[in-house]
Amino acid sequence: MFLLEICRCERLGPETFRPSVIDQTTGEPGAGTSLRVYGRRMTSATTTRTRPITVALVNDYDVVVLGVANILGQFPERVVIAEIDTNRGLHDEVDVVLYDSFGQPESDRDEVRVLVENPNARRVVVYTWNFHPDLVERARKQGVHGYLSKSLSAAGLVSALEAVHAGEMVVSEPPPRARPASGSDWPGRSRGLSDRESEVLALITQGHSNEEVAGLTYLSINTVKSYIRSAYRKIGAVNRTQAVLWGVENGFKPDHRRIDHWRGGP
């Protein structure tokens, strides 16, 4: 069913709208980050629902998924978080799974395919900074229903998830480097690490080489080294061993738990 739906949407062609500033009553799109919808144009009727959609958040880091939960938590009448998974399998049956790619394999790896094939996941959406064309295309071939930028506002993210739940394929336009959505969080933020510096340090803490980090993030090796140097300066590390030890002590090792029924979810 998912593959037929995606093919139908592609055949109809893309329509562009800007849903960053959205009236919470009407759900009408406003100005902001561009999204591309394959299928019907999202309207207020698309987002009119008798119940909130249920969402599962998937990422290996508590601080990351809790940040996303707080973003979505601004709209409890439209989105209810059924579960939060950190390195655990999806348990509840949900309308949408939001896969945050921080410190995790991108959409060209099996982790996303496993989610798409999970019968408990009606729709799967990738939430990422990385818009390399190969990743976007691979995500669509894997059967993902949305590919969304972390620069979306809370209202824009919720409206995009509602459009996905309504049966549309929603893809953010490749964004310029932008600030993370308000409420986003990541390990080491309090020490001044940027989201990308933090992600590179997380992958190093997991034991990946510079070359592996470049492959996982679709960054050039020189860009990876630049992030490493700036991260080292901020945390006071002079070599990789010190950086890994600091990472282990400061929340850069993947977590292993799940949170059911976050703030009263089903």
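Remember, predicted model here, so these are calculated numbers, not experimental data.

Chemist: Even after reading the chapter, I still don't get the overall build of the protein chain, so can you show me in this structure?
Modeler: Scanning the protein chain for helices and strands turns up 10 helices and nine strands. Counting all 266 residues of the protein chain, 55% fall into the buried class. Here the contacts in the protein chain between residues at least 6 apart in sequence split such that 70% fall between residues at least 24 apart.

Chemist: Whenever I open this one, the side chain of Ser101 confuses me. Can you help?
Modeler: Turning to its location among the elements, Ser101 is positioned in the loop between β5 (94-100) and α4 (110-117). Take Ser101: its relative accessible area is 3%, and that puts it in the buried class. Polar contacts involving the side chain of Ser101 include one to the side chain of Thr128, which spans 2.9 Å. Setting aside residues up to four positions removed in sequence, Ser101 forms contacts with Asn59, Glu106, Tyr127, Thr128 and Glu199.

Chemist: How do you make sense of the packing of aromatic side chains when you look at a structure like this?
Modeler: Each aromatic ring pair is specified by the distance between its two centres and by the angle formed by the two planes. Scanning the entire structure with this criterion turns up three aromatic pairs. Centroid distance Trp246 to Phe252: 5.6 Å. Interplanar angle 50 degrees. Geometry classified as tilted. An identical accessibility class is assigned to Trp246 and Phe252; each is buried. Lying across the ring of Trp186, Arg189 places its NZ or CZ 4.4 Å from the centre.

Chemist: Would you take a moment to explain unusual backbone geometry for this structure?
Modeler: Residues other than glycine seldom take positive phi values, yet Tyr218 does so here, at roughly 60 degrees. Following the sequence through the fold, Tyr218 ends up in the loop between α8 (210-217) and α9 (221-235).

Chemist: I tried to follow the packing of helix α7 (residues 195-205) against helix α10 (residues 240-249) on my own but got confused; where do I start?
Modeler: When two helices pack together, you describe them by how their axes are tilted relative to each other and by the distance separating the axes. Packing of α7 against α10 brings their axes to within 9 Å, and their N-to-C directions diverge by 100 degrees. Taken as axis vectors, α7 and α10 run roughly perpendicular relative to one another. Two secondary-structure elements touch here, α7 through Leu201, Ile204 and Thr205 and α10 through Arg240, Ala243, Val244, Trp246, Gly247 and Val248. The residue inventory of the contact of α7 with α10, partitioned by class, reads six nonpolar, two polar and one charged.

Chemist: Help me understand the pattern of salt bridges, please; the structure alone is not making it clear to me.
Modeler: Tallied over the entire structure, the rule returns eight salt bridges. Glu117 is the partner of Arg113 in a salt bridge, and the nearest nitrogen-oxygen pair spans 3.0 Å. Residue Arg113 and its partner Glu117 are both found in helix α4; the two are separated by four residues, about one turn of the helix. Looking at Glu117, the relative accessible area reads 53%, which means it is exposed. The salt bridge involving Glu197 is made with Lys234; its shortest N-O contact spans 2.8 Å. Taken together, the residues span a long stretch of sequence, with Glu197 in helix α7 and Lys234 in helix α9 at a distance of 37 residues.

Conventions used here
- Residues numbered from 1 in each chain as written.
- Predicted model: local features only at pLDDT ≥ 70, side-chain atom pairs only at ≥ 80, totals over all residues.
- Heavy atoms only, no water.
- Helix = DSSP H or I, 4+ residues; strand = E, 2+ residues; numbered from the N terminus.
- Buried < 20%, exposed > 50% of the residue type's maximum accessible area, 1.4 Å probe, protein only.
- Contact = heavy atoms within 4.5 Å.
- Polar contact = N/O pair within 3.5 Å; in protein donor to acceptor, adjacent residues only side chain to side chain.
- Phe/Tyr/Trp six-rings, centres within 6.5 Å; stacked < 30°, edge-to-face > 60°.
- Lys NZ or Arg CZ within 6 Å of the ring centre and 35° of its normal.
- Axes fitted to C-alpha atoms, helices over the stretch in contact; angles between N-to-C directions.
- Parallel < 35°, antiparallel > 145°, perpendicular 65-115°, else oblique.
- Nonpolar A, V, L, I, M, F, W, Y, C, P; charged D, E, K, R; others polar.
- Salt bridge = Lys/Arg side-chain N within 4 Å of Asp/Glu carboxyl O.

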